[in-house]
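# Descriptive structure summary
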Amino acid sequence: MVDGVAAIGGGLELRSSLLWPDLVLSLLDSMNVARRCARDDDVYELRPLTHKEAGKLLCHKVFKDANYKLPNDMVTQAKFILERCRGIPLAIAAVGGLLANRPKKSSEWTNLQEHLRPGFESAAHDVKGVISLNYDELPYHVKFCFLYMSIFPQNHEIRHTRLLRRWMAEAYIDKSYNRTREEVAQSQYNKLISRRMIEPSNKARASMTSECCGVHDLVLQIILPKSIEENQLFIMDTHCNEAPQSNVRHLVVARRKKNEEKMASINLTCLRSLTVFGKCPESLITHKLRLLRVLDLEDTIGLKNKDLKDIGQLPHLRYLGLRGADISELPSSLQNLRFLETLDVKDTKVTQFPAGIINLENLSYLRVGVNFAAGKMGEDKNVGKHSYNFFVTLADSICSGYSEGCESGFAGQFSVRAPEKIEKLSNLQVLGVVHIASSQEGRKLGKLSKLRKLGVHLDAAGEARKELFRSISSLVQLEQLEVHCESLEFLKGTIEPPPMHLQSLRLCGHLGNLPNWVRSLTNLSKIKLLRTGLKQQDIEVIGSLRNVIILGLWEESFAEESLSFVKGTFQKLKLLDIEGLEKLKTIRIEHGALPALEKLRVRKCLELYNNEQGLSSVKSLQNLNELDLTSCGDKPGLEMELRKQISGFHNRPVLIIGKYVETWKEMMLNSLYRLFR
């Protein structure tokens, strides 16, 4: 599949370069380009929405109800607005987002008509006109956040937390009298999402969250010139030949060659942010960047430890993003960054902090360790290439019989030891995943009273586990908790009061049955379980929690042969991911269970019965849009039954079938990923 061919020459060149051009699907914006690059029979023009479909979309965006009946005095205005949008979903959604933030009155819709009256040459111009109008309506402080999106390349998936932390570092977000900066930033983000100025990525849609977002090509065409014209942004890429004639605030380096020569001609003294995509220039950090607030080198290629040695020369730095970079240590000069708020070294080889990190008293977001849940549940989990290659090597060794002695030191290699005197980082709100190996380290975590997100890998027994539990019990603001330990039995103690704000719970290790305090987690929306060994009664406890929308049951998380979802449970669940349950033979869904389920994934469950009992009553899941049964072995009877059950669904869910069963080496590789993620 090829997207974004805009000119006839490019389309013809592409076709002539392909070995099997007839097997390629190209997505084009122009029918003229399409007809010149392919036979007429091979061109499909995507039809716009019908008037009825467009009306439903507009009502859904404005009134949150696709079947809302418009008052008589608004029907004419709606008809005109929909005609101007020409059945284009993006335009309708943008207009709907605009109207949703205005009073629901006929006069408001009439006023919008006046802005849409000028004729446009094409549908693309119509969309741009609507988006420009939406932009003009934004509050001035939200406009800064919106224009900031032009820093990221076309089709780039932007992690939600990365964007918000950068906004805060740039001082675009002010703390209000009754809300934290994080809450204000989230509010601004939600405004842009609701107006369709930015949109959740495909991965975010798959996981029912907005953890990643992106900017539509047409939107980027509007905001990029605005940012450049105001001397806010300069992009150094393959199309760049001249340095900017005036000072810029934001520099983007996206060119793989000759970066150093070009950067030498740019005035860096006024830069507030520097973002690199692709190859990282050598000698990047210099005293000329003394006003820099954001240095984002996430997933860059070629960054070395020595390139960071002068990081202490950037006294105003608030955001340092090194996620996915090929580095193994942080420089001692890091302690000079007294204003640093965000330090992200996740998915790197960094295993310890420099001693001076405890001097960073403004640090509130500290992401460390390697994420080994890559690709799980549709989330944005990009594991660095170096960590993947390591696991391939380790899997090779284990499969070859050379695994002795590897296990004991492995956790320490790929998680980061909590720094001594970590309690001095009193402003920490996000911490993890850190390696805890003593009761003293576990006890100190309890002093970080502002923690909202905590991830720990516990590599100790006895008193250390009790101390960690006491610390968790005292962190009343926790929203996300992730715990890895060989045995999680210590979590079964009493927590008074329970962490009522907890929204995400990830547990890896033997548990047997759920702690009693889990029943009180009314705000819990996401649960991921691995090796917990739960029973049917525990599944029913989870099902009684009214806000759970995502459930992941992975290897050894469920210990019985039959898994049932009983009537009345999991009323809001949208994603159910079952993988690697070796004993599982039947999955039974009672009528009235899982009524909101949209995605059901069953993978690597080889013992499932090859008949309707293997996965029964799927026909009751009328909101299902994806059913994935892969790597479960040869199950023709079950596959036929599933096709029959979903054949009458009005929304035509996608059925993904695959017989692939991984090799022993791949199984070992995946197990290692999950164990130490």
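Details of the structure are given in the entry above.
Summarised in this report is the structure supplied together with it. (Residues numbered from 1 in each chain as written. Predicted model: local features only at pLDDT ≥ 70, side-chain atom pairs only at ≥ 80, totals over all residues. Heavy atoms only, no water.)

## Points about the packing of helix H8 (residues 140-147) against helix H10 (residues 181-194)
- Across the interface, H8 lies against H10 with an axial gap of 10 Å and an inter-helix angle of 75 degrees. Of the possible angle classes, the one that applies to H8 and H10 is roughly perpendicular. From H8, His-141, Val-142, Cys-145 and Phe-146 reach across to H10, where they touch Gln-188, Lys-191 and Leu-192.
- Among the residues forming the contact of H8 with H10, the class breakdown is four nonpolar, two polar and one charged. (Axes fitted to C-alpha atoms, helices over the stretch in contact; angles between N-to-C directions. Helix = DSSP H or I, 4+ residues; strand = E, 2+ residues; numbered from the N terminus. Parallel < 35°, antiparallel > 145°, perpendicular 65-115°, else oblique. Contact = heavy atoms within 4.5 Å. Nonpolar A, V, L, I, M, F, W, Y, C, P; charged D, E, K, R; others polar.)

## Some details on the sheet that holds strand S3 (residues 158-159)
- Strand order across the open sheet formed by three strands is S3-S5-S4, with antiparallel pairing between neighbours. Across the chains shown, the open sheet's two edge strands, defined by having one partner strand only, are S3 and strand S4 (199-200).
- Inspection of the sheet shows S3 paired to strand S5 (residues 212-214) by two bridges, in the antiparallel sense. Within the sheet, the bridge partner assigned to Ile-158 lies in S5 and is Cys-213. (Pairing = 2+ DSSP bridges.)

## Looking at the packing of aromatic side chains
- In this structure the tally under the stated criterion is seven aromatic pairs.
- Ring geometry for Tyr-148 versus Tyr-172: centroids 5.5 Å apart, planes at 90 degrees, classification edge-to-face. In this pair, Tyr-148 is assigned in the loop between H8 and S3 and Tyr-172 in the loop between helix H9 (160-169) and H10, connecting sequence segments 24 residues apart. Both residues of the pair, Tyr-148 and Tyr-172, belong to the buried class.
- Taken together, Phe-63, Tyr-68 and Trp-109 form an aromatic cluster joined through their ring pairs.
- Over the ring of Tyr-135 we find Lys-143, and its NZ or CZ is 5.1 Å from the ring centre. (Phe/Tyr/Trp six-rings, centres within 6.5 Å; stacked < 30°, edge-to-face > 60°. Buried < 20%, exposed > 50% of the residue type's maximum accessible area, 1.4 Å probe, protein only. Lys NZ or Arg CZ within 6 Å of the ring centre and 35° of its normal.)

## Some points on the sheet that holds strand S22 (residues 586-589)
- A sheet is described by the order of its strands in space; here three strands give the open sequence S20-S22-S24, paired in parallel fashion. Edge positions in the sheet fall to strand S20 (562-565) and strand S24 (615-616), since each has one partner strand and no second.
- In the sheet, S22 pairs with S24 via two bridges, with the strands oriented parallel. When the bridges of S24 are listed, Ile-587 appears paired with Leu-615.

## Looking at the side chain of Glu-441
- Mapped onto the fold, Glu-441 is located in helix H16 (residues 439-445).
- Not counting chain neighbours up to four residues away, the residues in contact with Glu-441 comprise Arg-417, Ala-418, His-435 and Ile-436.

## Looking at unusual backbone geometry
- Here the bond from Gly-432 into Val-433 is cis, since omega is 5 degrees, no more than 30 degrees from zero.
- In this fold, Val-433 is placed in strand S14 (residues 430-436).
- Backbone geometry at Lys-64 places phi at a positive 60 degrees, although glycine is not the residue there.
- On the secondary structure map, Lys-64 appears in the loop between helix H3 (51-63) and helix H4 (72-85).
- In this structure, Ser-617 takes a positive phi of about 65 degrees despite not being glycine.
- In this fold, Ser-617 is placed in the loop between S24 and strand S25 (626-630).
- On the accessibility criterion, Ser-617 (28% relative accessible area) is partly exposed.

## Structural notes on the pairing of S22
- In the sheet, S20 pairs with S22 via four bridges, with the strands oriented parallel. Across the sheet, the residue bridging to Ser-562 is Thr-586, located in S22.

## Some words on the pattern of salt bridges
- Within this structure, the stated rule accounts for 25 salt bridges.
- We note a salt bridge from Glu-211 to Lys-526, for which the minimum N-O separation is 2.7 Å. Separated by 315 residues along the polypeptide, Glu-211 in the loop between helix H11 (202-206) and S5 and Lys-526 in strand S18 (residues 526-530) bring together distant segments of the chain.
- Look at Glu-211 and you get partly exposed, because its relative accessible area is 26%.
- Classification of Lys-526 as buried rests on a relative accessible area of 9%.
- A salt bridge links Arg-452 to Glu-479; the nearest nitrogen and oxygen atoms lie 3.4 Å apart. Taken as a pair, Arg-452 in the loop between H16 and strand S15 (453-458) and Glu-479 in the loop between helix H17 (463-474) and strand S16 (480-487) lie far apart in primary sequence, 27 residues in all. (Salt bridge = Lys/Arg side-chain N within 4 Å of Asp/Glu carboxyl O.)

## Observations concerning the side chain of Thr-342
- Within the fold, Thr-342 resides in strand S11 (residues 342-344).
- Within the structure, the side chain of Thr-342 is placed 2.9 Å from the side chain of Arg-165, a separation counted as a polar contact.
- Every residue in contact with Thr-342, bar those within four places of it in the chain, is listed here: Arg-165, Arg-318, Tyr-319, Leu-320, Leu-363 and Tyr-365. (Polar contact = N/O pair within 3.5 Å; in protein donor to acceptor, adjacent residues only side chain to side chain.)

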